[in-house]
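# A closer look at the structure
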Amino acid sequence: MSNPFFKNCGPIKVSEIIRSLNINVKNLSKDKEIHDIKDLSSSENNDITFFHSKKYKDVAKNTKASLCLTTDALKIYLPKSCLALVVENVLVSTSKITSIFYPDSINDDFDDNIMSIDDTNFKDKVIFGKNVLIGQNVTIGNNCKIGHNTIIEKNVVIGDNCSIGSNNIIRNTLVKNNVKILDNCVIGKHGFGFFPIKNKNLRYPHIGMVLIEDNCEIGCGATIDRGSMSNTIIGKNTYLDNQIHIAHNVKIGENSIIAGQVGIAGSSIIGKNVKIGGQAGISGHLNIGNNVEIGGGSGVIRDIPDNKKVMGYPAKNIREFLRDNK
Amino acid sequence: MSNPFFKNCGPIKVSEIIRSLNINVKNLSKDKEIHDIKDLSSSENNDITFFHSKKYKDVAKNTKASLCLTTDALKIYLPKSCLALVVENVLVSTSKITSIFYPDSINDDFDDNIMSIDDTNFKDKVIFGKNVLIGQNVTIGNNCKIGHNTIIEKNVVIGDNCSIGSNNIIRNTLVKNNVKILDNCVIGKHGFGFFPIKNKNLRYPHIGMVLIEDNCEIGCGATIDRGSMSNTIIGKNTYLDNQIHIAHNVKIGENSIIAGQVGIAGSSIIGKNVKIGGQAGISGHLNIGNNVEIGGGSGVIRDIPDNKKVMGYPAKNIREFLRDNK
Amino acid sequence: MSNPFFKNCGPIKVSEIIRSLNINVKNLSKDKEIHDIKDLSSSENNDITFFHSKKYKDVAKNTKASLCLTTDALKIYLPKSCLALVVENVLVSTSKITSIFYPDSINDDFDDNIMSIDDTNFKDKVIFGKNVLIGQNVTIGNNCKIGHNTIIEKNVVIGDNCSIGSNNIIRNTLVKNNVKILDNCVIGKHGFGFFPIKNKNLRYPHIGMVLIEDNCEIGCGATIDRGSMSNTIIGKNTYLDNQIHIAHNVKIGENSIIAGQVGIAGSSIIGKNVKIGGQAGISGHLNIGNNVEIGGGSGVIRDIPDNKKVMGYPAKNIREFLRDNK
């Protein structure tokens, strides 16, 4: 995935990288420049990558990265072209280095580099309410409406014929055409991702964005977090009811229907034509197939194959659920 | 129910109706004028109605409507005075025709026909905060307060002694006396009602309103959707805690107490003196009796008679639930 | 607990107290002045207290209060130094008397005694967005940010290095250092506490505050209610995800992690290092130990000892839950 929004501050000198990790490494040309941080498979020569679990050892063997954050036990899997930087906690170190390349991706303070829409070129193009604010790096298509008190923070692209309601806050988000976002939503903030550390947790970077495809509708009070290393995606013509929470890296297929107060935890993938009843919750890192129907109030804690209808907590076949609960 | 807010654009010529349905009908006086669209029982002569399920055949036999959207199989139940318009999907067609009579009832874009309260007559009557906006067709009683950034959009009546907090958005809503609405609520938007159509869902009209009776309190972050063909009603002295979602057409009786994060799906009827614990969910189209108590976290998927105490998912007798889960 | 925010309007004459209770008491020096209302154990001479349940009889025996709201059956436990005021409903009467001492603690109308931050001394100290409002009795530390449309109402202390997002409403809250509050939160409003009375419920006073300790993060759309007689507390370095509801008097220990859409009902105590999965709900008045892990979607209705992992509704040992639901 290439994200249009977060600027890569690389190249970064090796000396700066090892200084920030507070480690010593022999045989290292400290003036060498590293271009980017990527995962094992997409790294190129002169990139740094990370390798924290044996299950990725086959990918590690073929990485093209020049440097790799890893452990003493795992470094043997790396090719000769890739120098291991042995660290205590690979993910924490990855977080630190990512934040050097992408410093903007951690800090989600309010956007103070913003102006009233009245003072921008959008004032002649967009139908807008009172007190609308527009940040840097914003594009808005034709025939759009933006309601009162809505804040379009930095890094937002809005397509044609979109209707954005009032009191919304949007950043790091790509909205395609004919999308409707109702009121009171917060879209594009970082997700709930951090390393728990006593007395002072460490936030990791979120360099993904939120992508809302054509013809979607997002209900009132939604929170849709942007991705950490990938994007959060709402597929074409998918409708979300009120008070829904979509965590970082979630991907929802097209033509899905999601009722009120549903929550989808981080990195779960939801198929096409999926129907989810009110207040259902879906755990993180799950795969929910196409045409799946999930009853209201369900708690989904396992993958669901295509075409299944489930209900319950934990969710199971809906007939079984209803039979067991007559 | 007669709704004071949505203007009927009728009469509409028969020719316009059949053109929008893209059908051919013989023996039709195309210049005839149709006054309104109503359900089978409340239609009058010169109205159009709809009939989509055999279970309404007895009502259909006696309808006074002049036209009826229906199917080939059902048209035989209509009286001679009522001409059948046979369509592929009765509800979709009903939606189309309703939107001709009530075009304002589908589109819930932000209200841009609005002004600062400072520029209205309310400025001498209401105690109000900064950045309060008032739309068209708004009435406000004596001794009311309206907090900062609150947007009273079009079609709102507020009684006496009401306290509206900050950051609220209200439209198509009738608020009676001594009502308290806290902060961040969205009240009176259309419900989550549409026909799922591949690539482009079709919203159906919501010509109902939200009615909030005397002495109610609505907690922070509530979403209360207006009704589609009837009203959404919060009964007298009913208190809602924070983050509650009330879907379209729901009716809640008086003196009820609803704890935080509860969700009530569309068209369910809740009795008087009902207590609902936090995070409970109630499916759509249910009847919950008077004096019912629903334990926190319950998922209610069946009707509940008067005076019952239930808990669980699905909700059952609370003693049984506690006994089964020692 | 001593609350820095609510001003005690005492001393109040005994005559005013008995008049508001609409009772007659013999042998009472009506000109005597009562200084405060406190619970049985913390009352001092010349305070009024309340005693509504036999389970407090041992504390009652030693109260130093001069007056006590109680019942005919319970008054025998009071010491001679404490005169019983026998009332029909002790808690309702307590509520009435508390509201005489602390009239500001019941009414949570929007704060209209507020000004634009541009017109305050904070304008040179704080980095702030558009339309930021500041109430009376507010203190803000060094290096703080306050986002657009955020309303810091009366009685708020914010420490150093805090980042407050946009569209928040905060009152009666003490925020320590390095705290991050994202967007759309309502913090410090009264809780959902009242006496249900037909046709017109009676709200009781909330004289507690919200206390957010160092290094916390509060996600978007949170509602955190202030305490009634004690404080609502979020412990050091505890992180809350989006759309969380924390009711009045809840206390959460340090280093806890609470995922999206969780709700915690009134007066529950959560330990340190607790992890709570998304959409879990915790009933009121429970004790959850240290290092407890609660699975997503759980409904907790009983106390949980230290170090337990639970899941389910009602929540039970997580292994048992998973085994029973294979």
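Residues numbered from 1 in each chain as written. Chains lettered and ligands numbered in written order. Predicted model: local features only at pLDDT ≥ 70, side-chain atom pairs only at ≥ 80, totals over all residues.

## Re the overall build of chain A
The helix and strand inventory of chain A stands at four helices and 37 strands. Against the 2.2 N^0.38 benchmark of 20 Å for 326 residues, chain A shows a C-alpha radius of gyration of 22 Å, consistent with a compact globule. When its C-alpha atoms are laid out on the principal axes, chain A stretches across 60 × 60 × 35 Å. Residue burial in chain A is summarised as follows: out of 326 residues, 57% are buried. In chain A, the proportion of contacts linking residues at least 24 apart, taken out of those at least 6 apart, comes to 24%. (Helix = DSSP H or I, 4+ residues; strand = E, 2+ residues; numbered from the N terminus. Rg over C-alpha atoms; globule rule 2.2 N^0.38 Å. Buried ≥ 20, exposed ≤ 12 C-beta atoms within 10 Å, placed from the backbone. Contact = placed C-beta atoms within 7 Å.)

## Overview of the relation of the copies chain A and chain B
Between chain A and chain B, the superposition needs a rotation of 120° and an axial shift of 0.0 Å, giving an RMSD of 0.1 Å. Seen this way, the second copy is the image of the first under a three-fold rotation axis. Different-surface contact between copies: only 19% of interface residues of chain A are shared with the interface of chain B. (Least-squares fit on C-alpha atoms with pLDDT ≥ 70 in both.)

## With respect to the sheet that holds strand E36 (residues 309–312) of chain C
All names here are of chain C. Strand order in the open sheet made by the eleven strands is E8-E11-E14-E17-E22-E25-E28-E31-E34-E36-E37, with mixed pairing throughout. A strand with exactly one partner marks an edge of an open sheet, and here the two such strands are strand E8 (127–128) and strand E37 (315–317). Taken together, the two bridges between strand E28 (residues 257–258) and strand E31 (residues 275–276) define a ladder with parallel strand orientation. Within the sheet, the bridge partner assigned to Ile257 lies in E31 and is Lys275. (Pairing = 2+ DSSP bridges.)

## Quick notes on the interface of chain C and chain A
Each partner contributes residues to the interface: chain C has 36 residues there, and chain A has 31 residues. Residues belonging to the side of chain C that touches chain A are distributed by class as follows: seven nonpolar, 24 polar and five charged. (Nonpolar A, V, L, I, M, F, W, Y, C, P; charged D, E, K, R; others polar.)

## Digging into the interface of chain A and chain B
Every contact between the two is made by 36 residues of chain A and, on the other side, 31 residues of chain B. Of the residues assigned to the side of chain A that touches chain B, the class counts are seven nonpolar, 24 polar and five charged.

## A few points about the environment of C:Lys251
Residues and elements named next belong to chain C. Along the polypeptide, Lys251 turns up in strand E27 (residues 251–252). On the basis of neighbour count, Lys251 is assigned to the partly exposed category, with 19 C-beta atoms found within 10 Å. Each C-alpha atom, one on Lys251 and one on Asn231, is 7.8 Å from the other, the two residues being 20 residues apart in sequence. Residue contacts for Lys251: discarding those within four places in its chain leaves Ile233, Ile269 and Ile270.

## Re the domain arrangement of chain A
Residue and element names in this part refer to chain A. Annotation of chain A at the domain level lists domain 1 (12–105) and domain 2 (114–324). Here the C-alpha centre of domain 2 lies 32 Å away from the C-alpha centre of domain 1. Facing the seven residues of domain 1 at the interface are six residues of domain 2. (Domains from an automatic or database assignment.)

## Points about the sheet that holds strand E4 (residues 47–50) of chain B
Residue and element names in this part refer to chain B. Pairing is parallel across the open sheet formed by four strands, whose spatial order is E3-E4-E5-E6. With partners counted over all chains shown, the strands left at the sheet margins are strand E3 (36–37) and strand E6 (83–86), one partner each. The sheet contact formed by E3 and E4 spans two bridges and is parallel. Counterpart to Asp36 in the pairing with E4 is Asp47. Helix H3 (residues 90–101) contacts E3, E4 and strand E5 (67–70) of the sheet and is inclined by roughly 140° relative to E5. (Axes fitted to C-alpha atoms, helices over the stretch in contact; angles between N-to-C directions.)

## Some remarks on the nonpolar core
Within the largest apolar cluster, 272 residues are counted, with the highest numbers of intra-cluster contacts made by A:Cys68, B:Cys68 and C:Cys68. Contact partners of C:Cys68, with chain neighbours within four places excluded, come to C:Thr49, C:Phe50, C:Phe51, C:Thr63, C:Leu78, C:Cys82, C:Ala84 and C:Leu85. (Core = buried A, V, L, I, M, F, W, Y, C linked by C-beta atoms within 7 Å.)

## Looking at H3(B)
Compared with an ideal rise of 1.5 Å per residue, which puts twelve residues at 16 Å, H3(B) spans 17 Å between its outermost C-alpha atoms and is within 8% of the ideal. Turning to H3(B), its buried residues number three or more, namely B:Ser93, B:Thr94, B:Ser95, B:Ile97, B:Thr98, B:Ser99 and B:Phe101. (Expected span 1.5 Å × (residues − 1).)

## Re unusual backbone geometry
Here A:Tyr313 and A:Pro314 are connected by a cis peptide whose omega angle stands at 0°. Across the junction of B:Gly10 and B:Pro11, the peptide omega takes the value 5°, indicating a cis bond. In this structure, B:Pro11 sits in the segment before strand E1 (12–13). Positive phi is not limited to glycine here, since A:Asn255 has a value of about 55°. The topology assignment puts A:Asn255 in the loop between strand E27 (251–252) and strand E28 (257–258). Unlike most non-glycine residues, B:Asn161 shows phi in positive territory, near 55°. Its location among the elements puts B:Asn161 in the loop between strand E13 (156–158) and strand E14 (163–164).

## Brief notes about the packing of helix H1 (residues 14–21) of chain C against helix H3 (residues 90–101) of chain C
Residues and elements named next belong to chain C. Remark: H1 packs on H3, axes separated minimally by 10 Å, with the N-to-C direction vectors making an angle of 135°. Classified by the angle between their axes, H1 and H3 sit oblique to one another. By crossing handedness, the relation of H1 to H3 is classed as right-handed. Facing Glu16, Ile17, Ser20 and Leu21 of H1, the residues of H3 in contact are Ser93, Lys96, Ile97 and Ile100. Taken together, the residues of the contact of H1 with H3 sort by class into four nonpolar, two polar and two charged. (Parallel < 35°, antiparallel > 145°, perpendicular 65-115°, else oblique. Left-handed = near helix turned anticlockwise from the far one by under 90°.)

## Concerning the environment of B:Ile252
Relative to the helices and strands, B:Ile252 resides in strand E27 (residues 251–252). Linking B:Ile252 and B:Met229, residues 23 residues apart in sequence, is a C-alpha distance of 17 Å.

## Some thoughts on the pairing of E36(C)
Regular strands place their side chains on alternate faces of the sheet. Residue and element names in this part refer to chain C. Sheet analysis places strand E34 (residues 293–294) next to E36, joined by two bridges and oriented parallel. The residue of E36 that forms the bridge with Glu293 is Lys309. Sheet analysis places E36 next to E37, joined by three bridges and oriented antiparallel. Considered in E37, the bridge of Val310 is made with Asn317. Counting the residues in the hairpin turn of E36 and E37 gives two residues.

## Overview of the confidence of the model for chain A
Looking at chain A as a whole, the pLDDT averages 95, with 99% of positions reaching at least 70. Predicted complex, confidence summary: ipTM 0.92, pTM 0.94. (pLDDT = per-residue confidence, 0-100.)

## A word on the pairing of E4(B)
Residue and element names in this part refer to chain B. Going residue by residue along E4, you find Asp47 and Thr49 tucked away on one face and Ile48 and Phe50 tucked away on the opposite face as well. In the sheet, E4 pairs with E5 via three bridges, with the strands oriented parallel. Note that in E5 the partner of Thr49 across the bridge is Cys68.

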